[in-house]
Every structure is written in structure tokens, then in C-alpha cells.
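So the chains spell out like this:
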Amino acid sequence: MLNRLLGHGLKTAVLGLFTLWTIVPIALVITNSFKREMDIFTKVPKLFFAPTMDNYVNAFLKGNFSSYFSNSAFVAIVSTFVAIIFGTLAAYGLVGFTSRWSGTIANGFLLGKLVPAISMLLPLFTLVRVSGLLGTLIGPIIAHAALNLPFIIWLMMGFIRDVPNELSDAAKIDGCTPMQTFWKIIVPIILPGMAAAFILAMQYSWNELLFSMQLTSMDTYTLPVGISTFVGAISVDWGKSSAAATITMVPMIIIGFFVQKYIATGTTSGAVKG
């Protein structure tokens, strides 16, 4: 009985510390976004202060934030759709049309995820520059889709393996081609996995900084790059950057809230049987 109580108390303490570790920085950013500069730099953080919307106004009007937001939304949505479509088709090909090279090809994709992302910056930068796409939104779209592709392929392979072979065999008997079987039989079954992959890939693209910084120009900055411009050589505009960071968090929180059941299902069911 005592050991059970101690174990329960230890779990509660660990979960409490993890919750604080997660919530406190977010709460600090949100509260700073409503503070005046003099309230942000107090030695003891002020819990009670006169809120102001000046930081949000300055972020939108002086920081060109609306342009950064629309750029990020376009890059994240398009790159995620491209990665989901090609990743799911590749996973279907590797699982449904097995050959002696299937495992090698799948491991090759996995290797692309294990390699540090920064090592792929130079070749991607060269390809984008030679293609004349440097400084456009197409550059980060290509980079984000390529970086998300290995993860999506391996995630979707687990889901496709879980689809009973009898369904595919029945579709073949009914005269369905492999692509008809994919769209009519496989896709409806693996939709939870595709939803989870979509959210996780979009979250990565939404928050990615390194490739977006190198492949865009001032007119095509995404949110992370735009927020980084609030950091000067001498000082940091904490109020404006906190307001921008707060607005940046909102879309992913809202989307995650509405699709959390698909994320939970998608990230577990494909891994249990696969």
C-alpha cells in the first residue's frame, strides 16, 4: 500500500513538473505580449499590470506580420499536401508491390530522416538557386516537403500494412486497378493516419526556421523568419516578438484541439500491429 502511494505521488510530481515546464514559458510569452516595455523588464515579473494591445498593433502595422502569416500558411499547407500525397503513394508502393528492393528503398528514406537536416541545406540551396526559385515561396515548399517525406512514408507504411489483404484481393476480383484500390479502399481506411501525418508535417513546416531563412527573401519571409527580424544586434523587441509568437501559436493549437482524436489514433494504431 505504501509503495503504491509513493509511486502515485512520484508520478503526480513528475507530471506536475512537466506541466509547469511546458506551460510556464508559454504563459510568460502570452503575458509579455500584453505588457508595456517597462513592465516586461521589471526584476520581479508583474502578475498584475495594465494590459495593452500596442504590441499586436506594432507587429501587424510595423512588423509586416500579416505578410509573414500568409506566407507561412501558404508554404505549410502546400508543402504538407505535397508530402502527404507523394508520401502515401510511396508507402502504398513499398507495401503493396513488394520486391527484394522494397526494404532497401524504405531504409533509404529512413536514412534521409536520420541525417541532420542542416547537412541537406547546401544541396537544396543549390538546387533552388539553379532553378531560379531562390527568394520565392516555392523554395521552402520544396524543402519542407522533402524533409517531411521520410517521416510520412514510414508512418503511412504502418497503416497500410494494417489494412487486411482480403479487401485488396476483393477489389482486384471486382476489376479495380491498383490505383482504384488505393483511392477507393485503402485511403478511406487510413484517413486517421493521414490526418495525424498532416498535422505533424504542417506543424513542422509552420515552425521551421533554417531552410525558410536561407531560401526566402524579404518579400517571402515566413513567420519564424519574420519573428527573428525583431531581434536586433543590440536589443530585442520583446513585446512585439511575444505578440507575434502568441499569434503564431494560435492556429496550431486550434487545429490540434479539433483533430486531437485523429492524432492519438493515427500515431498509435499504425505502430501497434505494423
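Trainee: Which parts of the structure should I look at to understand the overall build of the chain?
Mentor: Across its full length, the chain holds 14 helices and zero strands. Starting at the N terminus and ending at the C terminus, the chain contains elements arranged as α-α-α-α-α-α-α-α-α-α-α-α-α-α. Here the chain, with 274 residues, has 35% of them falling under the buried criterion. In the chain, the share of contacts with a sequence separation of at least 24, taken over all contacts with a separation of at least 6, comes to 76%.

Trainee: How do you make sense of the packing of aromatic side chains when you look at a structure like this?
Mentor: Aromatic rings in a pair are described by how distant their centres are and how their planes are angled relative to each other. Evaluated as defined, the whole model comprises seven aromatic pairs. Ring centres of Y92 and F182 lie 4.9 Å apart, and the angle between their planes is 40°; this geometry places the pair in the tilted category. Pair noted here: Y92 is in helix α4 (residues 65–96) and F182 is in helix α9 (residues 178–189), with a separation of 90 residues, a long-range link. There is no split in this pair, since Y92 and F182 are both buried. Where F182 meets W183, the ring centres are 4.9 Å apart and the plane angle is 75°; that geometry is what we call edge-to-face. Aromatic rings pair up to connect F65, F69 and W206 into one cluster.

Trainee: Mind showing me how you'd approach the packing of α4 against helix α10 (residues 191–207) here?
Mentor: Between two packed helices, both the angle of their axes relative to each other and the distance between the axes serve to describe the pair. At a minimum axis separation of 9 Å, α4 and α10 run at an interaxial angle of 140°. Considering the angle they form, α4 stands oblique to α10. Between α4 and α10 the crossing geometry is right-handed. Packed against α4, whose contacting residues are F69, S72, A73, V75, A76, I77, S79, T80, F81, I84 and T88, the element α10 presents M194, A197, F198, A201, M202, S205 and W206 at the interface.

Trainee: Looking at this structure, I do not really get the confidence of the model for the chain. What am I missing?
Mentor: Detailed reading of the predicted coordinates is not advisable wherever pLDDT falls low. On average, residues of the chain score 83 in pLDDT, and 91% of them reach the 70 mark or higher. Looking across the chain, the model is least confident in helix α14 (residues 260–273), with a mean pLDDT of 55, and most confident in helix α11 (residues 210–215), with 92. Low pLDDT, under 50, characterises residues 270–274; the stretch is placed with six contacts to residues that sit more than four places away or in other chains.

Trainee: Explain the pattern of salt bridges here, please?
Mentor: Note that side chains of opposite charge can pair when their charged atoms are close. Applying the stated criterion across every chain yields a total of one salt bridge. Where D39 meets R36, a salt bridge forms, and the shortest distance between an N and an O atom there is 3.4 Å. D39 gets classed as buried once you look at its relative accessible area, which sits at 2%. Judged by its relative accessible area of 40%, R36 is partly exposed.

Trainee: When you look at the packing of helix α8 (residues 165–173) against α9 in this model, what are you seeing that I'm missing?
Mentor: Where α8 meets α9, the axes come as close as 10 Å, and the angle between the chain directions of the two elements is 155°. It follows from the interaxial angle that α8 and α9 lie roughly antiparallel. Where α8 crosses over α9, the handedness of that crossing is right-handed. Residues L167, S168 and A171 of α8 form the contact with α9, whose participating residues are T181, I185, I186 and I189.

Trainee: What exactly am I supposed to notice about the side chain of E208 here?
Mentor: Tracing the backbone shows E208 in the loop between α10 and α11. With relative accessibility at 6%, the residue E208 sits in the buried group. Among the polar contacts listed, one links the side chain of E208 to the backbone nitrogen of F211, at a separation of 2.6 Å. Setting aside residues no more than four positions away along its own chain, E208 makes contact with H144, T222 and P224.

Trainee: Looking at this structure, how should I read a nonpolar patch on the surface?
Mentor: A cluster of nonpolar residues, I77, F81, V82, I85 and F86, forms a patch on the protein surface that exposes about 450 Å² of accessible area. Among the secondary structure elements, V82 is positioned in helix α4.

Trainee: Where do I start with the environment of Y92 in this structure?
Mentor: Of the residues examined, Y92 reaches a relative accessible area of 10% and is grouped as buried. Along the chain, Y92 and S242 lie 150 residues apart, while their C-alpha atoms are 43 Å from each other. Residues contacting Y92, with those up to four places away along its chain left out, are F97, I160, P178, T181, F182 and I186. Of the polar contacts made by the side chain of Y92, one reaches the backbone oxygen of P178; its length is 3.0 Å.

Quick notes on the rules
- Along each chain, numbering runs from 1 in the same order as the chain's sequence is written.
- Per-residue local features of the predicted model are confined to residues with pLDDT of at least 70, and side-chain atom pairs are confined, for both listing and counting, to 80 or more; whole-chain, interface and lining totals are unaffected and use all residues.
- With hydrogens and water stripped out, all remaining heavy atoms of the structure feed into the side-chain values.
- In this text, helices come from DSSP runs of H or I with a minimum length of four residues, and strands from runs of E with a minimum of two, each type numbered from the N-terminal end.
- Remark: exposure states derive from per-residue accessible area (1.4 Å probe, protein chains only) relative to the maximum for the residue type, with buried under 20%, exposed over 50%, and partly exposed in between.
- Contacts were defined at the residue level, with two residues in contact if any of their heavy atoms lie within 4.5 Å.
- The criterion for an aromatic pair is that two Phe, Tyr or Trp rings (for Trp, the six-membered ring) have centres within 6.5 Å, with stacked assigned to planes under 30 degrees apart, edge-to-face to planes over 60 apart and tilted to the rest.
- Here an angle of 0 to 180 degrees is reported between the N-to-C directions of two axes, which are lines fitted to C-alpha atoms, with helices fitted over the stretch in contact.
- Reported orientations rely on four angle classes, namely roughly parallel under 35 degrees, roughly antiparallel over 145, roughly perpendicular from 65 to 115, and oblique for the rest.
- Crossing handedness is read from the near helix: turned anticlockwise from the far helix by less than a right angle, it gives a left-handed crossing, and turned clockwise, a right-handed one.
- Every residue is assigned a pLDDT by the predictor, reflecting its confidence on a scale from 0 to 100.
- Definition used for salt bridges: Asp or Glu carboxyl oxygen within 4 Å of a side-chain nitrogen of Lys or Arg.
- Any pair of nitrogen or oxygen atoms within 3.5 Å is treated as a polar contact; in protein, a donor-acceptor pairing is required on top of that, and neighbouring residues in sequence qualify only through side-chain atoms on both sides.
- Only residues whose relative accessible area exceeds 30% and that form no salt bridge are eligible for patches; like-charged ones are grouped when within 9 Å, while nonpolar side chains (Val, Leu, Ile, Met, Phe, Trp, Tyr) are grouped when within 5 Å.
- Surface accessibility in these figures is a Shrake-Rupley result with a 1.4 Å probe; residues are shielded only by whichever protein chains are displayed.

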